[in-house]
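This is what each chain is made of:
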Amino acid sequence: MKTLTKAESDIMRILWRLEEANVNAIIDEMPEPKPAYNTVSTIVRILEQKKFVDYKKQGRGHIYFPIVTQETYKSNSSKRLANTYFDGSFKNMVSFFVKKQDLSLEELESLLNDLKSSHND
């Protein structure tokens, strides 16, 4: 799976939240100063080429929707991060972030409980 640039990621997060939108609706969700229509349209077309979004025609325009789920992208990104920087070890990656974020014992216990409950689902 290809990686996303910051701009592409920003637009994908909007599409994941909205589930489908035209370019104007995407722009409406973006912070000020709003980017130009042509800029967003170009990025959406790049996302289409990268096979992250598809579209359906609506009148003279297009409604875009994600074809890669946010969960799938997160999973692939975390695997790539672990493989690139932590010799493929999720344990080393998590340990690094726990140390860098200086998690309290309560936060760490909460994280472990979340992991246990999601593993049991």
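Residues numbered from 1 in each chain as written. Predicted model: local features only at pLDDT ≥ 70, side-chain atom pairs only at ≥ 80, totals over all residues. Heavy atoms only, no water.

Chemist: Explanation requested: the overall build of the protein chain in the structure shown.
Modeler: When you go through the protein chain residue by residue, the secondary structure sums to six helices and two strands. When the helices and strands of the protein chain are read in sequence order from the N terminus, they spell out α-α-α-β-β-α-α-α. Its C-alpha atoms give the protein chain a radius of gyration of 18 Å, more than 25% over the compact-globule value 14 Å for 121 residues. If you line up the protein chain on its principal axes, its C-alpha atoms span 55 × 30 × 25 Å. Of the contacts formed within the protein chain by residues at least 6 apart in sequence, a portion of 44% connects residues at least 24 apart. Positive and negative charge centroids in the protein chain, built from 18 and 17 side chains respectively, lie 8 Å apart. (Helix = DSSP H or I, 4+ residues; strand = E, 2+ residues; numbered from the N terminus. Rg over C-alpha atoms; globule rule 2.2 N^0.38 Å. Contact = heavy atoms within 4.5 Å. Lys, Arg positive; Asp, Glu negative; His and termini not counted. Charge placed at Lys NZ, Arg CZ, Asp CG, Glu CD.)

Chemist: Can you help me understand the packing of helix H1 (residues 6-18) against helix H3 (residues 37-49) in this one?
Modeler: How two helices sit against one another is set out by the angle between their axes and by the gap between those axes. Axis separation between H1 and H3 bottoms out at 10 Å; the angle between their running directions is 85°. As the angle between them shows, H1 and H3 are arranged roughly perpendicular. Note on element contacts: H3 touches H1 through Val40, Ile43, Val44, Ile46 and Leu47, opposite Ala7, Glu8, Ile11 and Met12. Within the contact of H1 with H3, the residues separate by chemical class into eight nonpolar, no polar and one charged. (Axes fitted to C-alpha atoms, helices over the stretch in contact; angles between N-to-C directions. Parallel < 35°, antiparallel > 145°, perpendicular 65-115°, else oblique. Nonpolar A, V, L, I, M, F, W, Y, C, P; charged D, E, K, R; others polar.)

Chemist: Help me understand the pattern of salt bridges, please; the structure alone is not making it clear to me.
Modeler: When the charged atoms of two side chains lie near each other, side chains of opposite charge can form a pair. Applying the stated criterion across every chain yields a total of five salt bridges. The residue Arg13 makes a salt bridge to Asp10 at a minimum N-O spacing of 2.5 Å. Note that Arg13 and Asp10 are positioned in helix H1 at a spacing of three residues, about one turn of the helix. Exposure remark for Arg13: the relative accessible area of 38% places this residue in the partly exposed category. For the salt bridge of Lys56 with Glu20, the shortest nitrogen-to-oxygen distance reads 2.9 Å. (Salt bridge = Lys/Arg side-chain N within 4 Å of Asp/Glu carboxyl O. Buried < 20%, exposed > 50% of the residue type's maximum accessible area, 1.4 Å probe, protein only.)

Chemist: For this particular structure, what's the right way to read the confidence of the model for the protein chain?
Modeler: Close inspection of predicted coordinates is inappropriate in any region flagged by low pLDDT. In the predicted model, the protein chain carries a mean pLDDT of 91, and 98% of its residues have values of at least 70. At the low end of the mean pLDDT range in the protein chain sits helix H6 (residues 105-120), at 78; at the high end sits helix H2 (residues 23-28), at 98. (pLDDT = per-residue confidence, 0-100.)

Chemist: Sorry if this is basic, but what is going on with the layout of surface pockets here?
Modeler: To locate leftover empty space, one rolls a probe as large as a water molecule over the atoms. One number sums up the size of the largest pocket: a volume of about 180 Å³. For the largest pocket, the full set of lining residues is Asn22, Val23, Asn24, Tyr37, Ser41, Arg45, Gln58, Arg60, Gly61, His62, Ile63 and Tyr64. Secondary structure elements with two or more residues in the lining of the largest pocket: H2, H3 and strand S2 (61-66). Of the residues contributing to the lining of the largest pocket, the split by class is four nonpolar, six polar and two charged. (1 Å grid on protein atoms, 1.4 Å probe; cavity = no way out; pocket = protein on both sides within 12 Å on 5 of 7 lines; lining within 4 Å. Points joined across faces, edges and corners; volume = space filled by probe spheres on them.)

Chemist: Where do I start with the nonpolar core in this structure?
Modeler: Nonpolar side chains tend to gather and get buried jointly when the protein is soluble and globular. Counting residues in each nonpolar core, the largest one holds 20 residues, and the members touching the most others are Ile11 and Ile26. Listed by contribution, the elements that provide at least two residues to this core are H1, H2 and H3. Sort the elements by how many residues they give to this core and H1 lands first, with five residues. With sequence-adjacent residues up to four places away left out, Ile11 is seen in contact with Ile26, Met30, Val40, Ile43, Val44 and Leu47. (Core = buried A, V, L, I, M, F, W, Y, C linked by side-chain atoms within 4.5 Å.)

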